[in-house]
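So you can see what is in the structure, the chains are spelled out below.
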Amino acid sequence: MFIRFAPKAAVAALSLALLTACGDASAAQPAETPTPKGQERQYQIQAIIADCMKQKGFRYVPYVPPRRQKSEEELKRESGDYAAMKEFREKYGFGVWASLVYPKEFGNPAVKPDGNPPVDPNWEIQSSLSEAQRKAYGEAYDACNAKAVKEVTGTEVTGSVFQMGEQINKRIAQLKARELDGDPQLVDLAARMASCLKGKGYQVQSATPSALGDRGEKQYRAEMNRIGRGQRNAPSDDDKRFEGVEILVVPSMTADEARPYLAREIKEALDDLECGKDFYPVYAPRSRDIDHRVYAEFGMGG
């Protein structure tokens, strides 16, 4: 299984293009309800894509996944709340290897979810196409998506929908470097956190706030990717739509096989939290705000 690592809010918007990797293609249809508040631009983009795809000779059903309401605990974690972060990390670490140990809880697409969650109807449309037709469909969708995002938000999208995800990542990194890495308070808190981590025997390649904010997730994601790529190649090796895109190749592993990796990740995640208990309450809310602002630039909210 291949998973493209994108900002979490971007993953749903990229679900159409992920069909070739995995997905349940059952024929659920989106409910006809008034446009939910906060998702107006997403619906506008989808309508433009559908019209554009029709002009290119393809059937496409406008689809915006229902917005999942975050729990109080999730909101607390996003604000850097120590107790909420600790409770999560005690079981899931940084949230990387947990996707194999707790696949349903993490929405792992290789595992059939409980109940009848909404399904993008365009998955079924694509699944009925030949390989050549799917390639043409994907290329048409990429062009229509870029057109729609530009018309609705004014943001230029270059390349495929996967490459748009990489644009989002780069834009987020740019803003965090600009707005957070030079903030005196955050710089001081990050320096203290880095010193603490080094004292516990961990490597810290960069002590900037933005680097420390996702240091653990990146480290374990890289570990997972190394193991996965030892088993098979990623789509980016032979598909131009994935050029320049970070793709996580998830290892073929049972939950029991993944548990030792998660146990090590949990230990480091808890040490990371202890060292960063003063850092995260200041960093996390500002980091989240930047994420949301960039999503909005690409029509993924509002």
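The shown structure was predicted, so the numbers you read here are calculated from the model rather than taken from an experiment.

1. With respect to the overall build of the protein chain
Secondary structure summary: the protein chain contains 13 helices and two strands in total. Relative to its full complement of 302 residues, the protein chain shows a buried share of 43%. A separation threshold of at least 6 residues defines the contact pool for the protein chain, and within that pool the share at least 24 residues apart is 74%. Of the roughly 15600 Å² of accessible surface on the protein chain, a fraction of 51% belongs to carbon and sulfur atoms.

2. Notes on the state of the cysteines
Under the definition given, this model contains two disulfides. In this model, Cys52 is linked to Cys144 through a disulfide, with the two sulfur atoms separated by 2.1 Å. For the disulfide bridge between Cys52 and Cys144, the dihedral angle about the S-S bond is near -75 degrees, and by the sign convention the bridge is left-handed. Taken together, the positions of Cys52 in helix H2 (residues 40-55) and Cys144 in helix H7 (residues 131-153) put the pair 92 residues apart, joining distant regions of the chain.

3. Regarding the packing of aromatic side chains
Following the criterion strictly, the structure yields 11 aromatic pairs and no others. For the pair Phe88 and Phe106, a centre-to-centre distance of 6.4 Å together with 50 degrees between the ring planes defines the contact as tilted. With a gap of 18 residues between them, Phe88 in helix H4 (residues 82-92) and Phe106 in the loop between helix H5 (98-101) and helix H6 (121-127) connect regions that are remote in the sequence. By relative accessible area, which is 29% here, Phe106 ends up partly exposed. The interplanar angle of 35 degrees and the centroid separation of 4.1 Å between the aromatic rings of Phe162 and Phe242 together place this pair among those described as tilted. Here the residue Phe162 occupies a position in helix H8 (residues 161-179), and Phe242 occupies one in the loop between helix H11 (215-229) and strand E2 (247-249), the gap between them amounting to 80 residues. Both residues of the pair, Phe162 and Phe242, count as buried. Each member of the aromatic cluster is reached from another via a ring pair, and the members are Phe88, Tyr92, Tyr102 and Phe106.

4. Observations regarding the pattern of salt bridges
Oppositely charged side chains are able to pair whenever their charged atoms sit close together. With the rule as written, the count across this model stands at 24 salt bridges. For Arg68, the salt bridge goes to Glu74, with nearest N and O atoms at 2.7 Å. By relative accessible area, which is 16% here, Glu74 ends up buried. Two residues, Lys76 and Glu72, come together in a salt bridge whose shortest N-O distance is 3.6 Å. On the criterion of helical spacing, the pair formed by Lys76 and Glu72 is a turn pair, its members being four residues apart in helix H3 (residues 72-78). The exposure class assigned to Glu72 is exposed, which follows from its relative accessible area of 58%. One connected set of salt bridges, linked through shared partners, spans Arg89, Arg215, Glu268 and Asp272.

Parameters and conventions
- Residues numbered from 1 in each chain as written.
- Predicted model: local features only at pLDDT ≥ 70, side-chain atom pairs only at ≥ 80, totals over all residues.
- Heavy atoms only, no water.
- Helix = DSSP H or I, 4+ residues; strand = E, 2+ residues; numbered from the N terminus.
- Buried < 20%, exposed > 50% of the residue type's maximum accessible area, 1.4 Å probe, protein only.
- Contact = heavy atoms within 4.5 Å.
- Areas by Shrake-Rupley, 256 points an atom, 1.4 Å probe, with all protein chains shown as cover.
- Disulfide = S-S within 2.5 Å.
- Phe/Tyr/Trp six-rings, centres within 6.5 Å; stacked < 30°, edge-to-face > 60°.
- Salt bridge = Lys/Arg side-chain N within 4 Å of Asp/Glu carboxyl O.

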